[in-house]
Amino acid sequence: DGGITQSPKYLFRKEGQNVTLSCEQNLNHDAMYWYRQDPGQGLRLIYYSQIVNDFQKGDIAEGYSVSREKKESFPLTVTSAQKNPTAFYLCASKSSGTGPSGNTIYFGEGSWLTVV
Amino acid sequence: QKEVEQDPGPLSVPEGAIVSLNCTYSNSAFQYFMWYRQYSRKGPELLMYTYSSGNKEDGRFTAQVDKSSKYISLFIRDSQPSDSATYLCAMRSSSASKIIFGSGTRLSIRP
C-alpha cells in the first residue's frame, strides 16, 4: 500500500544526544515536510523539501537538521542544540500536481520523542 | 496575530447533534482549504478539500468557505462517538509552498 512510514514510533533520548527520525514515502511525491506538535497545540513546520538535494527552513528549524538524498526519504535529526525536543514529530508529503493532489499533504503516523 | 485562528475547544456534544467547527484567517491570498481529522496519538488524515469559495459535501461532512469573510467551516451531521478527535483546518495560497494549519479543535461526542 502507498503511504508514509515513520520510524521509530516511540524513542527515548538522553540529554545531549542526537537522534534521527526516519521518514519514507512510496507515493512518488516531490515535496516532503517535518512538523512538530506539542500537546494541545497545532503543527509547527520544522523543515521542508520540494526537490531532492534541496530543503528550506521552516518556522522552528533551530536545533534540527535534515537531508534529502533520495526522493523517497527525508530523515530528521534532532540535535543536542534543540533545547526542548520532547514532542510528537510528523512527517508529511505532497505531490506537485494540480488540483487536490497538488494542494493537500498526507501525513505519516508520527514519532514520539521523549528526552530523559 | 496568527494567520489562521481556530478555537481549541474542547467541544462536547451529544451523539446525533450537528457539529460546527470554524476557522478564520487573515491572508486573502489563500485559495485552497483543507480539514484534517487527528485521532489521539495518530497522524492527521485528510477529511475535506475545497478550492476557493463554496460548499462541498461528503457523506455526513460539509465544508464551507466564505472568502469575503475569511471564514471556513466544517459541519458534521448525525455526529457519532467515532467522530471524537481533533480537527485541524489548513490552507494555502497558489503562490506559496507552505500550508498553514490552525491549532486544532478537540471534539468529543457523548454517547
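Refer to the preceding data block for the structure.
What counts and how
Residues numbered from 1 in each chain as written. Chains lettered and ligands numbered in written order. Predicted model: local features only at pLDDT ≥ 70, side-chain atom pairs only at ≥ 80, totals over all residues. Heavy atoms only, no water. Core = buried A, V, L, I, M, F, W, Y, C linked by side-chain atoms within 4.5 Å. Buried < 20%, exposed > 50% of the residue type's maximum accessible area, 1.4 Å probe, protein only. Helix = DSSP H or I, 4+ residues; strand = E, 2+ residues; numbered from the N terminus. Contact = heavy atoms within 4.5 Å. Buried area = accessible area lost by both parts, 1.4 Å probe. Salt bridge = Lys/Arg side-chain N within 4 Å of Asp/Glu carboxyl O. Polar contact = N/O pair within 3.5 Å; in protein donor to acceptor, adjacent residues only side chain to side chain. Nonpolar A, V, L, I, M, F, W, Y, C, P; charged D, E, K, R; others polar. Phe/Tyr/Trp six-rings, centres within 6.5 Å; stacked < 30°, edge-to-face > 60°. Pairing = 2+ DSSP bridges. Axes fitted to C-alpha atoms, helices over the stretch in contact; angles between N-to-C directions.

A. Just the nonpolar core, in detail. By size, the foremost hydrophobic cluster in this structure holds 24 residues, and its most contacted members are V4(B), W35(B), I72(B), L74(B), Y87(B) and M91(B). Mapped by element, the contributors of at least two residues to this core are β3 (19–25), β4 (30–38), β5 (45–51), β7 (61–66), β8 (71–76), β9 (85–93) and β11 (105–110) of chain B.

B. Representation of the interface of chain A and chain B within the structure. Counting residues at the interface gives 26 residues for chain A, matched by 17 residues for chain B. Summed over both partners, the interface of chain A with chain B comes to about 1800 Å²; 56% of that surface belongs to carbon and sulfur atoms. Joining chain A to chain B, the criterion identifies two salt bridges. K42(B) is the salt-bridge partner of E109(A), the closest N and O atoms lying 3.7 Å from each other. Run the count over chain A and chain B and you get four residue pairs in polar contact (both at pLDDT 80 or more). Those elements that provide at least two residues to the side of chain A that touches chain B are β4 (31–37), β5 (43–51), β9 (87–94) and β10 (106–107) of chain A. Sorting elements by how many residues they give to the side of chain A that touches chain B places β5(A) first, with four residues. Across the side of chain A that touches chain B, the residue classes tally to 13 nonpolar, nine polar and four charged.

C. The arrangement of the packing of aromatic side chains in detail. Applying the stated criterion across every chain, the model contains 14 aromatic pairs over all chains. Their ring planes at 80° and their centres at 5.9 Å tell us that Y47(A) and F55(A) sit as a pair that is edge-to-face. Residue Y47(A) is classed as buried on the basis of its relative accessible area of 7%. Between Y25(B) and F33(B), the aromatic rings sit 5.4 Å apart at their centres with planes inclined by 45°, giving tilted as the arrangement. In terms of burial, Y25(B) and F33(B) fall into one category: buried. Ring pairing ties together the aromatic residues Y33(A), Y35(A), Y48(A), F107(A), Y36(B) and F101(B), which thus form one cluster.

D. How the structure looks around the sheet that holds strand β8 (residues 76–78) of chain A. Residues and elements named next belong to chain A. Overall, antiparallel pairing links the four strands, which are arranged β1-β3-β8-β7 in an open sheet. A strand with exactly one partner marks an edge of an open sheet, and here the two such strands are β1 (4–7) and β7 (64–66). Ignoring which end each strand starts from, the neighbouring axes of this sheet average 20° apart. Sheet analysis places strand β3 (residues 19–25) next to β8, joined by three bridges and oriented antiparallel. If you follow T20 over to β8, its bridge partner there is T77.

E. Main features of the side chain of D38(A). Residues and elements named next belong to chain A. One can find D38 in the loop between β4 and β5. When its relative accessible area of 10% is taken as the criterion, D38 is described as buried. At a separation of 3.0 Å, a polar atom in the side chain of D38 contacts the side chain of R36. Here the side chain of D38 touches R44 through a polar contact of 2.7 Å, side chain to side chain. In contact with D38, other than residues within four places in its own chain, are R44, T86 and A87.

F. Region of the structure containing the pattern of salt bridges. Inspection of every chain in the model, using the stated rule, returns eight salt bridges over all chains. Between R37(B) and E45(B) there is a salt bridge, and its shortest N-O distance comes to 3.2 Å. On the accessibility criterion, E45(B) (32% relative accessible area) is partly exposed. Three or more residues joined by partner-sharing salt bridges are found here, namely R36(A), D38(A) and R44(A).

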